[in-house]
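Descriptive analysis of the structure
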Amino acid sequence: MRGFDRGARSWYARPAMSPPPDTLLGSSIKEVLFTAEDIAAKVQELGRGLTEHYRGRRPLVVGILTGCFPFIADLVRAMDIELEVDFMSVSSYGAGTKSSGVVRFLKDLDQPIEGRDVLLVEDIIDTGLTLKYLTEALHTRKPASIQICALLDKQAGRTQNVEVQWRGFDCPDAFVVGYGLDYSGAYRNLPYVGVLDPSVYKGE
Ligand code: IMP
């Protein structure tokens, strides 16, 4: 039996992870964790919940660049309400697979958020440093609310206490790529999420 048992995690019960498709990019992937179909179903489920939650509130949906781009594009199209979209960019990672532990602010929002309901959309939460820094910075601007929607939650890496109201999948403690997530800028265009073969970054 394989899996990453952290209590009754949803994906522990999944069958053995599928091998990657025989493609150029797939040859760098050790195993597929979440297929394009898994992700599409989860995004619809999140979209239904968010539609109910934000009905009549015209939320500002904020993507955290760059990894959020496929997720936010699919997520807002699964939300059947009026909303607005904006983007922010911070960086806590260098070119490798480990967090630098230092968050750098690269791009701010284009508009004020006082009195607005803000939904932060993130590809993955690991240490929680990025989202903690962002939510603390945004709270000083007096929004009506701030919630977080993360496609993947790597709970084993958490060092910060961050409340994630909307999460897609629990993610094992491995470096994953695809569906927006990169290694050194590459693999964001994989349609699925998989574990990168360590031979790709060995010697780092
Ligand atoms: P945190 O600040 O440690 O929570 O990290 C959040 C950011 O780190 C995410 O937005 C990703 O850009 C990046 N990250 C964390 N884990 C991974 C991973 O397994 N693959 C690719 N990027 C990751």
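Preceding this section is the structure that the text describes.
Structural notes, computed from the coordinates.

Time to look at the overall build of the protein chain. Of the regular secondary structure elements, the protein chain holds 3 helices and 9 strands. Listing every helix and strand of the protein chain by position from the N terminus yields β-α-β-α-β-β-β-α-β-β-β-β. Per-residue burial over the protein chain gives 50% buried out of 204 residues. Considering only contacts within the protein chain whose residues lie at least 6 apart along the sequence, 64% involve residues at least 24 apart. When the accessible surface of the protein chain is totalled, it reaches about 10000 Å², and 51% of it is carbon and sulfur.

One pass over the structure, following the stated rule, counts 5 aromatic pairs. Between Phe-175 and Tyr-201 the ring centres are 6.3 Å apart and the planes differ by 70°, which places this aromatic pair in the edge-to-face class. Within this pair, whereas Phe-175 is found in the loop between β7 (166–170) and β8 (176–177), its partner Tyr-201 is found in the segment after β9 (193–196), the two being separated by 26 residues in sequence. In this structure, Phe-175 and Tyr-201 share a single accessibility class: buried. Three or more aromatic residues link up through ring pairs in this structure, and these residues are Phe-175, Tyr-183 and Tyr-201. Seen from the ring of Phe-169, Lys-42 lies directly overhead, with NZ or CZ sitting 5.2 Å from the centre.

Among the 6 residues in strand β2 (residues 60–65), 5 count as buried, and that is most of the element. Sheet topology note: the β2/strand β5 (residues 117–125) ladder contains 4 bridges and is parallel. From the neighbouring strand, Val-61 faces β5, where its bridge partner is Leu-119.

This part covers the nonpolar core. Core analysis: the biggest nonpolar cluster contains 31 residues, and Phe-71, Leu-75, Leu-152 and Val-176 have the highest contact counts within it. Those elements that provide at least two residues to this core are β1 (29–34), α1 (36–54), α2 (69–77), β5, β6 (145–153), β7 and β9. With 5 residues, α1 is the single largest residue contributor to this core. Those residues in contact with Val-176 that sit more than four places away from it in its chain are Leu-33, Ile-124, Leu-152, Cys-171, Leu-181, Val-193, Gly-194 and Val-195. In terms of nonpolar packing, the next biggest core, distinct from the first, is built from 20 residues, Val-90, Leu-109, Leu-134 and Val-164 among them.

Summed over the entire model, instances satisfying the criterion amount to 14 salt bridges. Where Arg-55 meets Glu-52, a salt bridge forms, and the shortest distance between an N and an O atom there is 2.5 Å. For Arg-55, a relative accessible area of 49% translates into the label partly exposed. Of the charged contacts, one joins Asp-117 and Arg-57 as a salt bridge, the two residues approaching to 3.1 Å between their closest N and O atoms.

With antiparallel pairing, the 3 strands of this open sheet are ordered in space as β1-β9-β8. Both outer strands of the open sheet, β1 and β8, are each paired with one neighbouring strand and no more. By the bridge criterion, 4 bridges tie β1 to β9 in an arrangement that is antiparallel. Paired with Phe-34 across the strands is Val-193, a residue of β9.

Quick look at unusual backbone geometry now. Going from Leu-65 to Thr-66, the amide bond is cis rather than trans, its omega being 5°. Looking at the element boundaries, Thr-66 is found in the loop between β2 and α2. In the Ramachandran plot, Arg-58 falls in the positive-phi region, its phi being about 40° despite a non-glycine side chain. Mapped onto the secondary structure, Arg-58 falls in the loop between α1 and β2. Located in the positive-phi region is Tyr-187, a residue other than glycine, with phi close to 80°. Along the chain, Tyr-187 turns up in the loop between β8 and β9.

Conventions and cut-offs
Residues numbered from 1 in each chain as written. Predicted model: local features only at pLDDT ≥ 70, side-chain atom pairs only at ≥ 80, totals over all residues. Heavy atoms only, no water. Helix = DSSP H or I, 4+ residues; strand = E, 2+ residues; numbered from the N terminus. Buried < 20%, exposed > 50% of the residue type's maximum accessible area, 1.4 Å probe, protein only. Contact = heavy atoms within 4.5 Å. Areas by Shrake-Rupley, 256 points an atom, 1.4 Å probe, with all protein chains shown as cover. Phe/Tyr/Trp six-rings, centres within 6.5 Å; stacked < 30°, edge-to-face > 60°. Lys NZ or Arg CZ within 6 Å of the ring centre and 35° of its normal. Pairing = 2+ DSSP bridges. Core = buried A, V, L, I, M, F, W, Y, C linked by side-chain atoms within 4.5 Å. Salt bridge = Lys/Arg side-chain N within 4 Å of Asp/Glu carboxyl O.

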